[in-house]
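What the coordinates show
Listed below, chain by chain, are the residues.
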Amino acid sequence: MDEAPGLSDQYRTASPWPVFIALGIPISELGLLFDLFPLAVGGLLLFGGSVVGILKESGYVTSTIRAVTALAVIFLAFGAWLAFTDIALVTRGYAVIAAAILLAVGGVVFELFVREQRQTF
Amino acid sequence: MEVNGQLALTVLMGVFLIAVAAWLARVEDWRSYTPLAGGGTVGGTAEQYVSEEKPSGVIRWLTTVDHKDIGMLYGAYALIAFAVGGLMVVLMRIELADPSMTLISNTFYNSLLTSHGITMLFLFGTPIIAAFSNYFIPLLIGADDMAFPRINAIAFWLLPPAALLIWAGFFPIPDVIPAQTAWTMYTPLSAGVGSGNQVNAGVDLMLLGLHLSGVSATMGAINFIATIFTERDEKVSWANLDIFSWTILTQSGLILFAFPLLGSAIAMLLLDRNFGTMFFSVDGGAILWQHLFWFFGHPEVYILVLPPMGIVSLVLPRFAGRRLFGFKFVVYSTLAIGVLSFGVWAHHMFATGIDPRLRASFMAVSLAIAIPSAVKTFNWITTMWNGKIRLTTPMLFCIGFVSNFIIGGVTGVFLASIPVDLVLHDTYYVVGHFHYIVMGAIAFAGFAGLYYWFPIYTGRMYQVTLGKWHFWLSMVGTNLTFFAMILLGYGGMPRRYATYLPQFATLHQVATVGALILLVGQIIFVWNFAQSWLEGREVEDGDPWDLADDDLTTAEWTWFERKLETAVTDGGEDETELATDGGQAVDDADADSADDA
């Protein structure tokens, strides 16, 4: 700030991810609480994808696919816990598992096709 | 029918996700931001980075992680919530002008009562403080930004969905009605037990929204603690850290310990309501809820009042021409209040039949908290004593704060005493007491800050006469409304009711007139705020309050002055000077300015 007064106005200032992380949380919560399958899956996908996006962007992870896999495993464990233990919230558990699988698939697709394309720029 | 609904929802969700992905792909290509640790202004790609920095229009506000922009977003959000919560209560006060049910139904009154409380505390109070702290803490401590700028943005963006969920009951959604649990959400009512209508999904939605706003506050608090601890400029030590940063640091500590507890309690309540758990329906469940809720709820009061005290401690000396009297003791009092605030919660439960020995200890701590509060009050008064007082609008609001805080505080001391509390519990006395604090003190300090820093965040000056009208109408309105409530409480008028006995009519009408005066004052505020922002006199001096005359300038004004100077030297176009480093951008910038000329 001292070296270049006014520069603070132009300092690392934009990221597309926070809005979607913030939207993903309530959408998935609504879906899981009221047992609305599409909302739960969609919200978790939005949340998971955005978390990976923001981690990649800020340099906390280097590999997209590994971050996606880690999140998918967490979701999978949570979904299994809901669906197959005494808690027996079966449909909600399946929703989380579906989100985990879709997230993993999305990660693979991104790794195989989209990321390559990006690097050619 | 159900299958169709699921299908429609799936299609909607799918389309939404594809739209998000498409938008992200576009935005990702603009590639103007750099990794967190990148710095960005040094090195090969610097000129590109800078010249393409902030996107324009709505996208800028949706994607910003700049602490000042986020501060502005918090401010806009809080003021909208203040208007909503304020209009809700205007409707309630008009209903209360007459003893019987006339304008709105009793159930609608209950819904408004619940939403008014939650809106004002969680959607106005906490965010308006976050507006000031986001904008000014980094400037005051000489940091480039918050410690975690993206977390900062997430914390803000959780709030709009939270508001929608909290107000969801009022929207025309089939089968959803607004919650009528009051903001304290006492069980068993809020657990949906019995024949009442609180099983409705509206309560679940409100609980989810409240939970989200708590997550947001906690994220913000962690960010402020990290920022104040690690991002201070070399020149800013603990010894000369400003008073506002001290109060925000203390507040953040309180949030860190209080809000997760609210989150857990709400999660338990949601489980009780939807998944058949019995946290609050077994013996002692109702008291358990009250303990959990107030263990959060009382620190929440100090979460809301400490930063406004910090604003007053910062602004009041600037217009008294002196430094804050007993600065160290104001800081110590802040910390003391922070610690003590966790030991007073059961004073909200004196009438529940808890163990009398427990009650006595909570009474002692509650009375003790009056000491640091009084230390602050005396320090503000002593700061003004023999000072060179300038009655500007922010100063008027600061003095109004002190005045209202004394009435709100002293009535609180009486309530801390068990025998008095048992008489006044659940009467309008309590309502009058805490509104003197939340409206008379907290909102007044908010206005003091909004007026004091108006030149910084708008580059313009507000209209002085309208500012004074706003203050005086607010001051008269506040005292008329809430003093009448204190008297109503002495008379035994119970709180939370939409109807009342005719003997209370006069004082209720006085309170309604006061509320309408407040409404007029706030309409003037909105007009002044909006019009001055668009058309007010532009500030050309970095020290519009002449703080330098008394050697009272603070870091944010120094920053503002430098900002104005840079803006002038590069011809008012932010990027021109910075773009001269490199190739193409210079020509573009020059061409632009030539066009402008």
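Residues numbered from 1 in each chain as written. Chains lettered and ligands numbered in written order. Predicted model: local features only at pLDDT ≥ 70, side-chain atom pairs only at ≥ 80, totals over all residues.

Chain A is annotated in an unreviewed UniProt entry as Cox cluster protein from Haloferax denitrificans ATCC 35960.

A few points about the packing of helix α5 (residues 106-140) of chain B against helix α10 (residues 285-318) of chain B
Helix-helix packing: each pair is described by the crossing angle between the helix axes and the interaxial distance. Residues and elements named next belong to chain B. Where α5 meets α10, the closest approach of the two axes is 10 Å, and the angle between their N-to-C directions is 35°. For α5 against α10, the interelement crossing comes out left-handed. When α5 is examined against α10, the residues Leu121, Gly125, Thr126, Ile129, Phe132 and Ser133 are found in contact with a partner set consisting of Leu304, Pro307 and Ile311. Residues that form the contact of α5 with α10 fall into these classes: six nonpolar, three polar and no charged. (Axes fitted to C-alpha atoms, helices over the stretch in contact; angles between N-to-C directions. Helix = DSSP H or I, 4+ residues; strand = E, 2+ residues; numbered from the N terminus. Left-handed = near helix turned anticlockwise from the far one by under 90°. Contact = placed C-beta atoms within 7 Å. Nonpolar A, V, L, I, M, F, W, Y, C, P; charged D, E, K, R; others polar.)

Quick word on the UniProt feature "transmembrane region" (unreviewed entry) in chain A
Residues and elements named next belong to chain A. When the UniProt feature table is mapped onto this chain numbering, "transmembrane region" (unreviewed entry) sits at residues 36-55, 67-88 and 94-114. When the span residues 36-55 is considered, its composition is 95% helix and 0% strand, and the gap between its end C-alpha atoms is 28 Å. Secondary structure across residues 94-114 divides into 100% helix and 0% strand, with the first and last C-alpha atoms of the span separated by 28 Å. (UniProt positions renumbered as here; feature names shortened; annotations may be inferred.)

Observations regarding the packing of helix α1 (residues 17-33) of chain A against helix α6 (residues 149-157) of chain B
Where α1(A) contacts α6(B), the axes come no closer than 8 Å and their chain directions differ by 45°. By the angle class used here, α1(A) and α6(B) are oblique. Crossing geometry of α1(A) relative to α6(B) is assigned as right-handed. Together, A:Trp17, A:Pro18, A:Val19, A:Ile21 and A:Ala22 of α1(A) and B:Arg150, B:Ala153, B:Ile154 and B:Trp157 of α6(B) make up the contact between the two elements. Taken together, the residues of the contact of α1(A) with α6(B) break down into eight nonpolar, no polar and one charged. (Parallel < 35°, antiparallel > 145°, perpendicular 65-115°, else oblique.)

Let's talk about the confidence of the model for chain A
Per-residue pLDDT for chain A averages 86, and the proportion of residues at 70 or more is 84%. In this model residues 1-11 of chain A is a low-confidence stretch, pLDDT under 50, and it forms 23 contacts with partners more than four residues away in sequence or in other chains. (pLDDT = per-residue confidence, 0-100.)

Some words on the confidence of the model for chain B
Residues and elements named next belong to chain B. Overall, the predicted model of chain B reaches an average pLDDT of 90, with 90% of residues at or above 70. Segment residues 31-52 is flagged for pLDDT under 50; beyond a separation of four residues in sequence, or across chains, it makes 36 contacts in the model. For residues 574-597, every residue scores under 50 in pLDDT, and the model assigns this stretch 28 contacts once sequence neighbours within four places are set aside. Both scores are available for the predicted complex, with the pTM at 0.90 and the ipTM at 0.89.

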